[in-house]
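Here's the letter readout for the chains.
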Amino acid sequence: MDFGHRHGGGVAGKWKKRPTIFTSYRAPLLLFAFTVIAIFISSKIFISPSLLPLSSDSRPPQCTHTPGEKYLWYAPHSGFSNQLSEFRNAILMAAILNRTLIVPPVLDHHAVALGSCPKFRVLDPNELRFRVWNHSIQLIHDRRQFYWMNPGCHISLHLRYVSMADIVDLSSLVATSTVRFMDFRIFVSKWCEVNLSLACTADSSMHSSMLEKLRQCGSLLSGYDGNVEACLFASQEDCRTTVWTYQTDDGVLDSFQADEELKKKRKFSFSRTRKDVSRALGPGSTAGSATVLAFGSLFTGPYKRSESHIDIHEAPNDQRVQLVIQKIEFLQFVPEILNAGKSFAHETISAPFLCAQLRLLDGQFKNHWDGTFQVLKQNLDSLKQKGTLPIHVFIMTDLPRFNWTGSYLGDLEKDSDAFKLFALRDDDKLVAKTAKKLVNAAYGLKLQYVSSSFDGREQHCSPLSLPDILLYVEETICGCASLGFVGTAGSTIANSIELMRKNHACS
């Protein structure tokens, strides 16, 4: 789905003239000319409804309710490691701005891509938000999504949709009420006034009605209809224009700017400015009064002695925010995933082992097999000289096992006297058992119960598939590798595993 701005047209004024008798051939010509002129004039005075303030009787239905809680929504993108990084930043922003964070689903790998911040080539915030909205809603519509538990109500879809809160343990933040959370599905049911249990029904007309309502809701939240006073503020800031700060460097130019050649090539003239997020979007600002504050991407990374979008690493003058910064530095997986990874490491491998994370098929990595394998070979040669054989190695790779033949992995597999290789597949019993536990735990939907959108009747949908959790279990196993870890250079997955090892996640 792709939706743009609403359009309207002006109305031509009345032409009052004395009746004139036209010849048969002049009348249609003059009528045509008048029509063209009228259309031309009306197009000149046309103003898009998105640019006009909404009157009280034309406000979207979502904006007619009495304001209560204030929310923060954002548009995650790219692979899981990038999404996790954005989630940490979103928690930080929610804490600074004192808003309830809408917890997103884990998006399919690269279902939505941002672009390149260093090259100043990224999606417009509105378009990014709408793509993320569409993908999230598609998960619901495809019935890959829902598991609801509430006294007197049980709706179950054992499906591939996974909330970020189903994977990442937020218990320490929830317990201290440092940050408030609401699952995306609950927010959709409230804000868009839809009954998500309709995803269970086979009635196409009900599906169509729900999707049309969700389309309108997504268009509004994405910012295509502009901001709505005291209701919605859709930020247009992104990494091309803004580096968010807190309690420092407000209104000054960032050290990293596009050079003149790039500005000419991309045809823009803006500069990157450092802005205090609390002053720009917090209490007392236009955004601060809105019920929903919608960001675009919240991904950031170091680049040329600066940060691409968010440069907030400490808050010495705000103890509450400083505590959040410390807590989100490392977000642990939920216990079910940790226990599965530890179980495989201790019971299946059952010996000291090395983990090799080898990204070989995706993007830039498919052209660097030699370099990736060379680092692994050096580490294994060193271990062969020091330790007892065979050396136990856990292989985490996107290269299917039947394609190992002819590669360095195939050579290792043949040398069974020196190496004993282990790998995990998504159809292994341990993975399936863990996925079922996550479905039953339903951490995302336990963040906050809102039952007003449901009729309380017990409903069940046939299971289609279990959540895809292989990556998270593999990362945990690598965190337990006592002989060391070899990761693929430039891989965000490798960075995540290094962070787990640094924080002794397997202890």
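Check the entry above for the structure.
Residues numbered from 1 in each chain as written. Predicted model: local features only at pLDDT ≥ 70, side-chain atom pairs only at ≥ 80, totals over all residues. Heavy atoms only, no water.

Draft legend 1. Structural detail: the overall build of the protein. Along the backbone of the protein there are 16 helices and 19 strands. Within the span of the protein, comprising 507 residues, buried residues form 50% of the whole. Sequence separation of at least 24 residues holds for 78% of the intrachain contacts in the protein that already meet a minimum separation of 6. As presented, the protein carries roughly 25200 Å² of accessible surface, and 53% of it is formed by carbon and sulfur atoms. (Helix = DSSP H or I, 4+ residues; strand = E, 2+ residues; numbered from the N terminus. Buried < 20%, exposed > 50% of the residue type's maximum accessible area, 1.4 Å probe, protein only. Contact = heavy atoms within 4.5 Å. Areas by Shrake-Rupley, 256 points an atom, 1.4 Å probe, with all protein chains shown as cover.)

Draft legend 2. Spotlight on the pattern of salt bridges. Going through the model one piece at a time under the given rule, you end up with 16 salt bridges. Across the pair Asp 254 and Arg 272 runs a salt bridge whose closest N-O atoms are separated by 2.9 Å. Taken together, the residues Asp 254 in the loop between strand S10 (252-253) and helix H8 (260-266) and Arg 272 in the loop between H8 and strand S11 (273-276) connect sequence positions 18 residues apart. No difference in accessibility class separates Asp 254 from Arg 272, as the two residues are buried. Measuring nitrogen to oxygen at the nearest pair gives 2.8 Å for the salt bridge that ties Arg 274 to Asp 311. Here Asp 311 lies in the loop between strand S14 (306-307) and helix H10 (319-328) and Arg 274 lies in strand S11, a separation of 37 residues in the sequence. A residue is classified by how much of its surface remains accessible, and Arg 274, at 10% relative accessible area, is buried. (Salt bridge = Lys/Arg side-chain N within 4 Å of Asp/Glu carboxyl O.)

Draft legend 3. Region of the structure containing the side chain of Thr 476. Within the secondary structure layout, Thr 476 lies in helix H15 (residues 470-479). Note on Thr 476: relative accessible area 2%, which makes it buried.

Draft legend 4. Examining the sheet that holds strand S12 (residues 292-294) more closely. Spatially, S7-S2-S1-S12-S8 is the arrangement adopted by the 5 strands of the open sheet, whose pairing is parallel. Only two strands of the sheet have a single neighbouring strand rather than two, namely strand S7 (181-183) and strand S8 (232-234). Sheet twist, expressed as the mean angle between neighbouring strand axes with direction ignored, is 25°. Bridge count between strand S2 (residues 100-103) and S7: 3 bridges; the pairing is parallel. Among the inter-strand pairings, Val 103 is bridged to a residue of S7, identified as Asp 183. (Pairing = 2+ DSSP bridges. Axes fitted to C-alpha atoms, helices over the stretch in contact; angles between N-to-C directions.)

Draft legend 5. Structural view of H10. If you check which residues of H10 are buried, you get Val 321, Val 324, Ile 325 and Ile 328. Burial along H10 is one-sided: seen end-on, the buried residues are contained in an arc of 100°. Away from its buried face by more than 90 degrees, H10 exposes Gln 319 and Gln 326. Where H10 is buried, its residues contact helix H2 (80-97) and helix H5 (171-175). Sitting at the amino-terminal end of H10 is Asp 318, which places a side-chain oxygen 3.3 Å from the backbone nitrogen of Arg 320. (Arc of directions from axis to C-beta. Polar contact = N/O pair within 3.5 Å; in protein donor to acceptor, adjacent residues only side chain to side chain.)

Draft legend 6. Representation of the state of the cysteines in the model. All chains considered together, the criterion is met by 5 disulfides. Between the sulfur of Cys 355 and that of Cys 478 lies a disulfide, 1.9 Å long from S to S. Sign of the S-S torsion, about 40° for the bond between Cys 355 and Cys 478, identifies this disulfide as right-handed. Here Cys 355 is found in strand S15 (residues 353-358), whereas its partner Cys 478 is found in helix H15, with 123 residues between them in sequence. Given the relative accessible area of 0%, Cys 355 is considered buried. One disulfide in the model links Cys 480 with Cys 506; its S-S distance is 1.8 Å. With the S-S bond torsion at 100°, the cross-link from Cys 480 to Cys 506 turns out right-handed. Residue Cys 480 is located in the loop between H15 and strand S19 (484-486), and its partner Cys 506 is located in the segment after helix H16 (492-502); the two are separated by 26 residues in the primary sequence. (Disulfide = S-S within 2.5 Å.)

Draft legend 7. Structural detail: the nonpolar core. Core analysis: the biggest nonpolar cluster contains 76 residues, and Phe 87, Ile 91, Ile 167, Phe 295 and Phe 394 have the highest contact counts within it. Sequence-distant contacts of Phe 295, that is, excluding residues within four places in its chain, are made with Leu 72, Trp 73, Tyr 74, Ala 75, Met 93, Leu 97, Arg 129, Trp 244, Val 277 and Leu 281. If you look at the next biggest cluster of nonpolar residues, it comprises 33 residues, including Tyr 71, Val 194, Leu 196 and Val 292. (Core = buried A, V, L, I, M, F, W, Y, C linked by side-chain atoms within 4.5 Å.)

Draft legend 8. Representation of the packing of aromatic side chains within the structure. Summed over the entire model, instances satisfying the criterion amount to 15 aromatic pairs. Ring geometry for Phe 187 against Trp 191: centres 5.7 Å apart, planes inclined by 15°, an arrangement best described as stacked. Of this pair, Phe 187 and Trp 191 both sit in helix H6 (residues 184-191), 4 residues apart, which is roughly one turn of that helix. Owing to a relative accessible area of 2%, Phe 187 belongs among the buried residues under this scheme. (Phe/Tyr/Trp six-rings, centres within 6.5 Å; stacked < 30°, edge-to-face > 60°.)

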